[in-house]
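Summary of the model geometry
Listed below are the residues making up each chain.
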Amino acid sequence: MKNQHWSEINEATSVAGIRFLFFVYRSLGRGFFYLFLLPVILYYFCFQPRARRASRGYLQRIRANGGIPEQASLWLWSIKHFFQFGSGLLDKLAVWSGVLSLADVHYQRYREFLNLVESGHGCLVIASHLGNIEVSRVLADTHKRFKLNILVHTKHAENFNRLLKEMDEASCLNLMQVTEITPATAVMLNEKVQAGEIVVIAGDRTPVTGGQRQSDVEFLGDCALMPQGPYILASILQCPVYLIFCLRSKSGYRVIIEPFAELIRLSRKSRDTELAQWAQQFADRLAFYAVQYPLQWFNFYDFWWRPVDERHVPKNT
């Protein structure tokens, strides 16, 4: 069976569905929200075999890296994985509606990041599908200088932007649908960075099937493809680069902001090698946090899949 690229898989949620769940959450509370969410998650788990297999494959790698007890049932952990995804939807609603309090979010390396933004300099931030990137909106709410532009590869960006504006007209979070970094896109993003705004791009999804702008990396002990786009974009924008992870803990959310590179410059002679090294550095940090928060990586497709004749383990440099 041909494996689908993630962009070819229909989204499991829709704006209409989120509107309904948002209504339930605001009108009836968290308990009723989970009551309505429960059958949705169970249906998704039972009738989406590809997502279920992808979850188990990911959790097997997490277990091999010590993130899950050796004797744990992967079926049970997979169900918990799906429910964690559903719970994350509630957090999205809380963020978008302004219900999530600043007291619920704890920052790491925040002051350094704030100083950069207050100085009027923009930056590139590399995010992932580990945790809940929408929580970064709270980051924008803490300071008027924060203006976040999140690049997404899906066709739903305009719909979600409209939904965001309905919930909060003053929202400083902007979802931008970008399928590839064209010269026009680079110019637009450079203008935003020069204006002191923040550009956010995911580092763990390749935008197209069979595209050339991706690198082989070792991720959770196996060979995977990571996009080169974030590092190509960074080399164009010539601005500081940070990593961000918004992770749910018992006491609320941890927003971890890590310096990644002051500048990224790519040489013509060793461009591909350098891009692979940057992608590997990101993969290492993503794996580090994925092992700590195993149920919060929400890529429900076979992230490691590729034709057998294309598989090889990258050489460590």
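Residues numbered from 1 in each chain as written. Predicted model: local features only at pLDDT ≥ 70, side-chain atom pairs only at ≥ 80, totals over all residues. Heavy atoms only, no water.

A word on a nonpolar patch on the surface
Residues Phe20, Leu28, Phe32, Leu35 and Phe36 make up a contiguous nonpolar surface patch of roughly 470 Å² in combined accessible area. Breaking the nonpolar patch down by element, the ones donating at least two residues are α1 (15–28) and α2 (30–47). Among the elements that make up the nonpolar patch, the one with the highest residue count is α2 (3 residues). With respect to the secondary-structure elements, Phe20 resides in helix α1. Judged by relative accessible area, which is 42%, Phe20 ranks as partly exposed. (Patch = residues over 30% accessible without salt bridge, like charges linked within 9 Å, V, L, I, M, F, W, Y side chains within 5 Å. Areas by Shrake-Rupley, 256 points an atom, 1.4 Å probe, with all protein chains shown as cover. Salt bridge = Lys/Arg side-chain N within 4 Å of Asp/Glu carboxyl O. Helix = DSSP H or I, 4+ residues; strand = E, 2+ residues; numbered from the N terminus. Buried < 20%, exposed > 50% of the residue type's maximum accessible area, 1.4 Å probe, protein only.)

What about the packing of aromatic side chains?
Evaluation of the coordinates by the stated rule reveals 23 aromatic pairs. With a centroid separation of 5.5 Å and an interplanar angle of 70°, the aromatic rings of Phe85 and Phe298 are classed as edge-to-face. Within this pair, whereas Phe85 is found in helix α4 (residues 74–96), its partner Phe298 is found in the segment after α10 (271–292), the two being separated by 213 residues in sequence. Owing to a relative accessible area of 14%, Phe298 belongs among the buried residues under this scheme. Measuring from ring centre to ring centre gives 5.5 Å for Phe85 and Phe300, while their planes differ by 75°; the resulting arrangement is edge-to-face. Here Phe85 is found in helix α4, whereas its partner Phe300 is found in the segment after α10, with 215 residues between them in sequence. Taking relative accessible area as the criterion, Phe85 reaches 25% and is therefore assigned partly exposed. The buried category is assigned to Phe300, whose relative accessible area is 11%. (Phe/Tyr/Trp six-rings, centres within 6.5 Å; stacked < 30°, edge-to-face > 60°.)

Quick notes on the nonpolar core
The nonpolar side chains of a soluble globular protein tend to be buried with one another. Among the nonpolar cores identified, the biggest contains 54 residues, and Leu124, Leu151, Phe219, Met226, Tyr231, Leu233 and Phe260 are the most heavily contacted of them. If you tally residues by element for this core, the top one is α10, at 9 residues. When near neighbours in sequence (up to four residues on either side) are disregarded, Tyr231 contacts Ile126, Phe260, Ile264, Leu266, Leu275, Trp278, Ala279 and Phe282. With 44 residues, the next largest nonpolar core counts Phe45, Ala127, Phe146 and Ile150 among its residues. (Core = buried A, V, L, I, M, F, W, Y, C linked by side-chain atoms within 4.5 Å. Contact = heavy atoms within 4.5 Å.)

Comments concerning the pairing of strand β7 (residues 222–227)
Sheet analysis places strand β6 (residues 214–219) next to β7, joined by 6 bridges and oriented antiparallel. Each residue of the ladder has a partner; that of Gln214, found in β7, is Pro227. The turn joining β6 and β7, which pair antiparallel and follow one another in sequence, is formed by 2 residues; a positive phi near 55° is taken by Leu220. (Pairing = 2+ DSSP bridges.)

Examining empty space enclosed by the protein
What the rule picks out here adds up to 1 cavity of 30 Å³ or more. A volume near 40 Å³ is recorded for the largest cavity. Contributing to the lining of the largest cavity are Gln84, Gly88, Asp91, Gly131, Asn132, Arg248, Tyr253, Gln296 and Phe298. Considered class by class, the residues forming the lining of the largest cavity number 2 nonpolar, 5 polar and 2 charged. (1 Å grid on protein atoms, 1.4 Å probe; cavity = no way out; pocket = protein on both sides within 12 Å on 5 of 7 lines; lining within 4 Å. Points joined across faces, edges and corners; volume = space filled by probe spheres on them. Nonpolar A, V, L, I, M, F, W, Y, C, P; charged D, E, K, R; others polar.)

Notes on the pattern of salt bridges
All told, the structure shown has 4 salt bridges when counted by the stated rule. The partner of Asp222 in a salt bridge is Arg61, and the shortest N-O contact between them spans 3.0 Å. Remark: Arg61 occurs in helix α3 (residues 49–64) and Asp222 occurs in strand β7; sequence separation between them is 161 residues. Exposure remark for Asp222: the relative accessible area of 30% places this residue in the partly exposed category.

A word on helix α9 (residues 229–237)
Within α9, 8 of the 9 residues are buried, which leaves it mostly tucked inside the rest of the structure. For α9, every residue scored as buried is listed here: Gly229, Pro230, Tyr231, Ile232, Leu233, Ala234, Ser235 and Leu237. One or two positions beyond α9, positive phi appears at Gln238, with a value near 50°.

Remarks on the packing of α2 against α3
Contact geometry of α2 with α3 gives a least axis separation of 5 Å together with a crossing angle of 85°. In terms of axis orientation, α2 runs roughly perpendicular to α3. Within the contact between the two elements, α2 uses Tyr44, Phe45, Cys46 and Phe47 and α3 uses Pro49, Ala51 and Arg52. By residue class, the composition of the contact of α2 with α3 is 6 nonpolar, no polar and 1 charged. (Axes fitted to C-alpha atoms, helices over the stretch in contact; angles between N-to-C directions. Parallel < 35°, antiparallel > 145°, perpendicular 65-115°, else oblique.)

With respect to the environment of Asn190
Looking at the element boundaries, Asn190 is found in helix α8 (residues 183–194). Residue Asn190 is classed as partly exposed on the basis of its relative accessible area, which comes to 27%. Considered as a pair, Asn190 and Ala234 are 44 residues apart in the sequence and their alpha carbons are 9.9 Å apart.

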